[in-house]
Amino acid sequence: MPDVTLPLPVVRAVLNPVFRVMLHHRLPFGVQRALMDWGSAAQRAPRGTHLEHVRLGGRPTERVSVGPVSDSATVLYLHGGGYTVGSPLTHRSLAAYLSRETGCAVQVPDYRLAPEHPFPAALEDAEAAFLELVAAGFRPERIAVAGDSAGGGLSLALAERLRDRHGLTPAALGLIAPWTDPNEVPTRNRDLVINKPWSRVCAAAYLGGGDGQDAGYAPLLGDLRGLPPTYVQADKAELLHDQCTRLVAQLRAAGVPTEFTETEGLWHVAQLQAALVAPAAAVTVELGQFLRQALRPAQTRSIG
C-alpha cells in the first residue's frame, strides 16, 4: 500500500488539467520535458531508495535500488513519453517500487529522444544497454526488460532485435500500456493522459525519415515468436487499450506465455502514481512479482 492513499476522483481531477497542459502538441518538447521533470517531485519513491548515477550503453543511467538487491539479476527499465519526453527522473519512483518488489536493482537509461534523435536512436541505446549488462556478467535469462507506453514498445522492439541479431532472450518482458504500433491513429481524441494530436506529433518525430513498417519502429508488426514470458497491463479506458488487447492476442497466437491485467478506473501508466493511489500500487506490485518470479534461477522456479 502507498504511504498516502488519495481518492481516485481527486487524483483524476488534478491530473486531467495537468496533462492537458503538459502534453499539448503545440508546446515545445523542451518545455514538456521540463514540466514533466518538475512534476515528478509529486511521485515519491519508497523509503530506503538508493540512487546511483552510472553509464550504460554509453548513456547516463540511474541505477535504482531499495534494500538489499541481487548481484546476479537486474531489470532494464525503458521509460515512456512518446519517444520525445520523459527521463530517469520522471520514472524514478516507479523504478524504486519495482526494485522493492523484485529484489533487484532497476537500471533506467536516459536514451536519446526525438525529434533530435529519431528512430532508431532509442532502440540502439536500449540494445547497447542490454549488451553492456551481459558483458558485465549478467546472464540474459537474469535480465528482465520492462517499460511503459513508448518504453513498452521499445522493450518489445528490443526483445525482437536481441533475438534476431544476437540470439539472446531476456528473462521476461513487463509492459505497461505499451505503444507497439505508432502508425495507428487513435479512434478517440483523448483519455485522461494522452491525446490524439500529441501522439501523432510524437509518432512523426520519432519516425523521422524512417520506414513506418520497420518492426523496430512498430514491433507489433514484427515476428513475436520466441519472445520471453510477457506481462501486459492496460486500463480499459485508455487510448492504447485496443492496441494492447491486439498485442496480447498476437503474443498468445505466437506461443508466447502471456499474462494480461486490465484495470478499470485508472489511467494511462497510473503506476507512476503508485505512491498516492492504492489501485495503482496494487498493479505495480503485480508487475514486480511477475518479474521477480521470472528472474529466479531456473532450478528455483521449477520447484516453486
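Residues numbered from 1 in each chain as written. Predicted model: local features only at pLDDT ≥ 70, side-chain atom pairs only at ≥ 80, totals over all residues. Heavy atoms only, no water.

Would you mind showing me how to read the nonpolar core here?
Soluble, globular proteins show a tendency: their nonpolar side chains are buried together. Counting residues in each nonpolar core, the largest one holds 65 residues, and the members touching the most others are Leu 76, Leu 154, Leu 158 and Trp 267. The leading source of residues in this core is helix H5 (residues 150–166), at seven residues. Not counting residues up to four positions away in its chain, the partners in contact with Leu 158 are Leu 76, Leu 78, Leu 123, Ala 126, Glu 127, Phe 130 and Val 145. Listed in part, the 25 residues of the second largest apolar core include Val 75, Tyr 77, Leu 98 and Ala 144. (Core = buried A, V, L, I, M, F, W, Y, C linked by side-chain atoms within 4.5 Å. Buried < 20%, exposed > 50% of the residue type's maximum accessible area, 1.4 Å probe, protein only. Helix = DSSP H or I, 4+ residues; strand = E, 2+ residues; numbered from the N terminus. Contact = heavy atoms within 4.5 Å.)

I would appreciate a short explanation of the pattern of salt bridges in the present structure.
Pairing is possible between side chains that carry opposite charge, provided their charged atoms lie close to one another. All told, the structure shown has 13 salt bridges when counted by the stated rule. We note a salt bridge from Arg 139 to Glu 141, for which the minimum N-O separation is 2.8 Å. You can call Arg 139 partly exposed: its relative accessible area is 44%. Here Asp 164 and Arg 163 are joined by a salt bridge, their closest N and O atoms 2.7 Å apart. Among the residues examined, Arg 163 registers a relative accessible area of 19% and is labelled buried. Linked by salt bridges that have partners in common, Arg 59, Arg 112, Glu 124 and Asp 125 make up one network. (Salt bridge = Lys/Arg side-chain N within 4 Å of Asp/Glu carboxyl O.)

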